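# Survey of secondary and tertiary structure
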Amino acid sequence: MAKEKEETNKDCEIYRLNCFVENRPGVLARIVGLISGRGYNIQTLNVGPTEDGTVSRMRIDVLGTARVVEQIILQLRNQVNVIEVTSRRM
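First, a word on what this report is: a plain description of the structure on this page. (Residues numbered from 1 in each chain as written. Predicted model: local features only at pLDDT ≥ 70, side-chain atom pairs only at ≥ 80, totals over all residues. Heavy atoms only, no water.)

Before going further, it helps to spend a moment on the state of the cysteines. Enumeration over the complete set of coordinates arrives at zero disulfides. Sulfur of Cys12: no disulfide; nearest cysteine sulfur belongs to Cys19 and is 19 Å away. (Disulfide = S-S within 2.5 Å.)

Let's shift gears to the nonpolar core. Ranked by internal contacts, the top residues of the largest apolar core, which has 18 residues, are Leu17, Cys19, Ile31, Ile60, Val62 and Leu76. Of all the elements in the fold, those that place two or more residues in this core are β1 (13-22), α2 (27-36), β3 (55-64), α3 (66-77) and β4 (82-89). For this core, the element with the most residues is α3, which contributes five residues. Discounting residues that sit within four places of it in the chain, Ile31 has contacts with Val21, Met58, Ile60, Leu76 and Val82. (Core = buried A, V, L, I, M, F, W, Y, C linked by side-chain atoms within 4.5 Å. Buried < 20%, exposed > 50% of the residue type's maximum accessible area, 1.4 Å probe, protein only. Helix = DSSP H or I, 4+ residues; strand = E, 2+ residues; numbered from the N terminus. Contact = heavy atoms within 4.5 Å.)

So, about a nonpolar patch on the surface. On the surface, Ile14, Leu63 and Met90 cluster together to form a nonpolar patch covering roughly 240 Å² of accessible area. Along the polypeptide, Met90 turns up in the segment after β4. Note on Met90: relative accessible area 46%, which makes it partly exposed. (Patch = residues over 30% accessible without salt bridge, like charges linked within 9 Å, V, L, I, M, F, W, Y side chains within 5 Å. Areas by Shrake-Rupley, 256 points an atom, 1.4 Å probe, with all protein chains shown as cover. Salt bridge = Lys/Arg side-chain N within 4 Å of Asp/Glu carboxyl O.)

Dropping the structure here:
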């Protein structure tokens, strides 16, 4: 078991998730809860408005394997207030 954990840590990289979300109360808390509630660590988090006042942009850096990040993206895309999610490896 310890060896599996060690191998997993070697494969971990930082990924930046760019999310466009509806600018509504509670959306930030819901998204942070979705990520941290599943045991994934958020390295950095930036949130700001876009030119369209009804949409906010979130930049979330997470540490994980490609498989973990894919799971996070799929879960984010299932959220009602999430408009778009993209990612890239840092």
